[in-house]
Amino acid sequence: LADRQVLVVSVVASPQPGWTIDEVAADFARCARWAADSGAHAVEANLSCPNVCTAEGDLYRSAEASAVIAAELRRAVPELPLLVKVGLFANEEEAAALIEAVAAARDRAGHTIGLVGGGSESGYCVVQIADPGAMTLGLKPPSSRGPPEE
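Rules and cut-offs
- Residues numbered from 1 in each chain as written.
- Predicted model: local features only at pLDDT ≥ 70, side-chain atom pairs only at ≥ 80, totals over all residues.
- Heavy atoms only, no water.
- pLDDT = per-residue confidence, 0-100.
- Contact = heavy atoms within 4.5 Å.
- Axes fitted to C-alpha atoms, helices over the stretch in contact; angles between N-to-C directions.
- Helix = DSSP H or I, 4+ residues; strand = E, 2+ residues; numbered from the N terminus.
- Left-handed = near helix turned anticlockwise from the far one by under 90°.
- Nonpolar A, V, L, I, M, F, W, Y, C, P; charged D, E, K, R; others polar.
- Parallel < 35°, antiparallel > 145°, perpendicular 65-115°, else oblique.

Quick word on the confidence of the model for the protein chain
On average, residues of the protein chain score 75 in pLDDT, and 64% of them are at 70 or above. Across residues 124–150 the pLDDT falls below 50, and counting only partners more than four positions away or on other chains, this stretch makes 71 contacts in the model.

Things to note about the packing of helix 1 (residues 21–37) against helix 2 (residues 63–76)
In contact at an axis separation of 8 Å, helix 1 and helix 2 are set at 35° when each is read in the N-to-C sense. Crossing geometry of helix 1 relative to helix 2 is assigned as right-handed. Counting all contacts with helix 1, which are made through Ile21, Asp22, Val24, Ala25, Ala26, Phe28, Ala29, Ala32 and Arg33, the residues of helix 2 involved are Ala65, Val68, Ile69, Glu72, Leu73 and Ala76. Split by residue class, the contact of helix 1 with helix 2 holds 12 nonpolar, no polar and 3 charged.

Describing the packing of helix 2 against helix 3 (residues 92–103)
Interaxial distance between helix 2 and helix 3 falls to 8 Å at its minimum, and their mutual angle equals 25°. Taken together, the axes of helix 2 and helix 3 are roughly parallel relative to one another. Crossing angle aside, the handedness with which helix 2 passes helix 3 is right-handed. In contact with Ala63, Ser66, Ala67 and Ala70 of helix 2, helix 3 contributes Ala97, Leu98, Ala101 and Val102. When grouped by side-chain class, the residues that make up the contact of helix 2 with helix 3 number 7 nonpolar, 1 polar and no charged.

Written as structure tokens, this is what we have:
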């Protein structure tokens, strides 16, 4: 990499039929560790992928599953910043539940997990990544413009 470039590696699990969420989380963690060992500066867990036809493309819709995956990722790569890619939420409450669940995966040093997401005219999206010291995320309808509300 050139000076001042950052390598962010997106990881996704490849679940096999019958896997539990713990096995899916372990697969995410294994991929994150490979990324870290290969020189990644940060890891993004892809919990939302419209290009797959299986359930792992919508993992972000389950706050509980997202929390298990986030915690396993934090244990696997405690030295790296983590991002969780999410998709469109049906409402603000669903988004808030995911934020709360993933925020619980902070490590003892207070490192948080950032969230990145998209949206459409009909739903809510996460519009701000958490800073390293606090989980401060703003939510707003995707059609709004300007900086997120705090």
